[in-house]
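Residues per chain are reported as follows:
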Number of protein chains: 2
Amino acid sequence: MSRKQRAVLFLFSLALVLGVAAVAQKSGSQSVEERAIRAADAQWSQAAAAKDLAKTLSFYADDAVILAPGVPVAAGREAIRAVWVGEFKDPAYALSWSTQAVEVSRSRDLAYSRGSYDATYTRAVSPFEQNRPVREHGKYLAVWKKAPGGAWRVTVDMYNPDAPATPIKR
Amino acid sequence: MSRKQRAVLFLFSLALVLGVAAVAQKSGSQSVEERAIRAADAQWSQAAAAKDLAKTLSFYADDAVILAPGVPVAAGREAIRAVWVGEFKDPAYALSWSTQAVEVSRSRDLAYSRGSYDATYTRAVSPFEQNRPVREHGKYLAVWKKAPGGAWRVTVDMYNPDAPATPIKR
């Protein structure tokens, strides 16, 4: 090979390696982060289903807000704790959710997950009925931020029902 | 100055310039993107208030979803158009919102805005009352993605009320 041929071959190889590395980094680590968020979302749902208050709260960032239907914004650790303490007190409480979609920013510091939930809780269905257990199916949207230690934490937690809650038949 | 002194001065100046540039880029362009999203959110609200269907729809990404309370997910252009056509048909329709918080990923490809809205619309408040205009105050969360052309587009649009809608006094 001439010197020129070797130079061309070298540059070609370099471009190939850099190209492959860029693609691997983009798809590979994107899906690592997506998997991390899907795993966290599932663990969070399990903690909530088990009424594990400390673990449920551990998924929130310090500056998190809950945007729940029918009540104003719950902002910060104390308000968020009060929301979950209230939920877990309800004898009819049951909750689980499953992730449908996740998107992560290229810089891997911001992401969202969305999906659907199934809940049961005690509610007055109308002013003409007594409080009774109801079932609700709905959807949620969670915004996640990468915490300083590298873990994903929820900074906005929002949900709403797909239809009015319905009384549970007994 | 000796050659060594000049070299040290050069390296010091270089570090200073790079440091200033990094800080300027971080705070400056982050706030440029935040301002862009706040401006888009405000223009979007104005388009919705003016019942400008084409302009209202133009803020959504192709793969956008609306997560509205009381109904299932509306996914994609046609479903989103149908939502807004329905809203604008209502003679009691009025809507505006204002941004409270915006966060943008470092890579400036993903962001969210959240804030509060005021709406009026026609609804049966209970099975024992006729359809009538009601007023609703609530909160929203919008996830924005940078479109190929550089504009920010909404990919998830979610809201829920702070309290049940109340009949408008006449």
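Predicted model, so just to flag it, every value in this text is computed and none were measured.

Draft legend 1. Fine view of the side chain of Thr56 of chain B. Residue and element names in this part refer to chain B. With respect to the element layout, Thr56 can be found in helix 2 (residues 53-58). For Thr56, the side chain forms a polar contact with the main-chain nitrogen of Ala48, separated by 3.5 Å. The residues contacting Thr56, other than those within four sequence positions of it, are Trp44, Ala47, Ala48, Trp84 and Phe88.

Draft legend 2. Up close: helix 3 (residues 77-89) of chain A. All names here are of chain A. In a regular helix each residue adds 1.5 Å, so 13 residues correspond to 18 Å; helix 3 covers 18 Å between its end C-alpha atoms and thus fits that length. Among the residues of helix 3, Ile80, Trp84 and Phe88 are the ones counted as buried. Along the long axis of helix 3, the arc covered by the buried residues comes to 70 degrees, so they all point the same way. Exposed residues pointing more than 90 degrees away from the buried face of helix 3 are listed as Glu78 and Lys89.

Draft legend 3. Quick peek at the interface of chain B and chain A. Contact residues are listed per partner, giving 32 residues for chain B and 32 residues for chain A. Both sides of the chain B and chain A interface together cover about 2,600 Å² of buried area, and 66% of this is carbon and sulfur. In this structure, Asp109 of chain B and Arg106 of chain A form a salt bridge, with 3.7 Å as the shortest nitrogen-oxygen distance. Remark: the boundary between chain B and chain A carries 19 residue pairs in polar contact (both at pLDDT 80 or more). Of all elements in the fold, only strand 1 (60-67), strand 3 (94-104), strand 4 (110-124), strand 5 (131-146) and strand 6 (152-161) of chain B reach the threshold of two or more residues within the side of chain B that touches chain A. Here the side of chain B that touches chain A takes 6 residues from strand 6 of chain B, the largest share from any one element.

Draft legend 4. Local environment of the relation of the copies chain B and chain A. Between chain B and chain A, which share one sequence, the superposing operator has a rotation angle of 179 degrees and an axial displacement of 0.2 Å; the RMSD is 0.3 Å. Interpreted geometrically, this transformation is the action of a two-fold axis. For chain B, the residue whose C-alpha comes nearest the rotation axis is Ser107 of chain B, separated from it by 2.2 Å. The residues that chain B uses at the interface reappear at the interface of chain A in 100% of cases, marking a shared surface.

Draft legend 5. Broad picture of the pairing of strand 4 (residues 110-124) of chain A. Residue and element names in this part refer to chain A. Taken across its 15 residues, strand 4 has 11 buried, putting it largely inside the fold. Bridging between strand 3 (residues 94-104) and strand 4 involves 10 bridges; their strand directions are antiparallel. Bridging from a neighbouring strand, Ala94 pairs with Thr120 of strand 4. If you look at the hairpin formed by strand 3 and strand 4, you'll find 5 residues sitting between the two strands, and Arg108 has a positive phi there, around 55 degrees. The pairing of strand 4 with strand 5 (residues 131-146) spans 15 bridges and is antiparallel. If you follow Thr122 over to strand 5, its bridge partner there is Pro133.

Draft legend 6. Main features of unusual backbone geometry. In this structure, Arg108 of chain A is a non-glycine residue whose phi angle is positive, near 55 degrees. Topologically, Arg108 of chain A is positioned in the loop between strand 3 and strand 4.

Draft legend 7. Just the confidence of the model for chain A, in detail. Mean pLDDT over chain A: 89, with 85% of residues reaching 70 or higher. Here residues 24-30 of chain A is a poorly scored stretch, pLDDT under 50, and it has 9 contacts once near neighbours within four places are set aside; other chains count.

Draft legend 8. Structural context of the pairing of strand 1 (residues 60-67) of chain A. Residues and elements named next belong to chain A. Most of strand 1 is tucked away: 6 of the 8 residues are buried. Strand direction decides the pairing type here: strand 1 and strand 6 (residues 152-161), joined by 4 bridges, are parallel. Residue pairing across strands places Ile66 opposite Asp157, the latter belonging to strand 6. Hairpin connection of strand 1 to strand 2 (residues 74-75): 6 residues between the antiparallel strands, including Gly70 at a positive phi of 90 degrees.

Cut-offs used in this document
- Residues numbered from 1 in each chain as written.
- Chains lettered and ligands numbered in written order.
- Predicted model: local features only at pLDDT ≥ 70, side-chain atom pairs only at ≥ 80, totals over all residues.
- Heavy atoms only, no water.
- Helix = DSSP H or I, 4+ residues; strand = E, 2+ residues; numbered from the N terminus.
- Polar contact = N/O pair within 3.5 Å; in protein donor to acceptor, adjacent residues only side chain to side chain.
- Contact = heavy atoms within 4.5 Å.
- Expected span 1.5 Å × (residues − 1).
- Buried < 20%, exposed > 50% of the residue type's maximum accessible area, 1.4 Å probe, protein only.
- Arc of directions from axis to C-beta.
- Buried area = accessible area lost by both parts, 1.4 Å probe.
- Salt bridge = Lys/Arg side-chain N within 4 Å of Asp/Glu carboxyl O.
- Least-squares fit on C-alpha atoms with pLDDT ≥ 70 in both.
- Pairing = 2+ DSSP bridges.
- pLDDT = per-residue confidence, 0-100.

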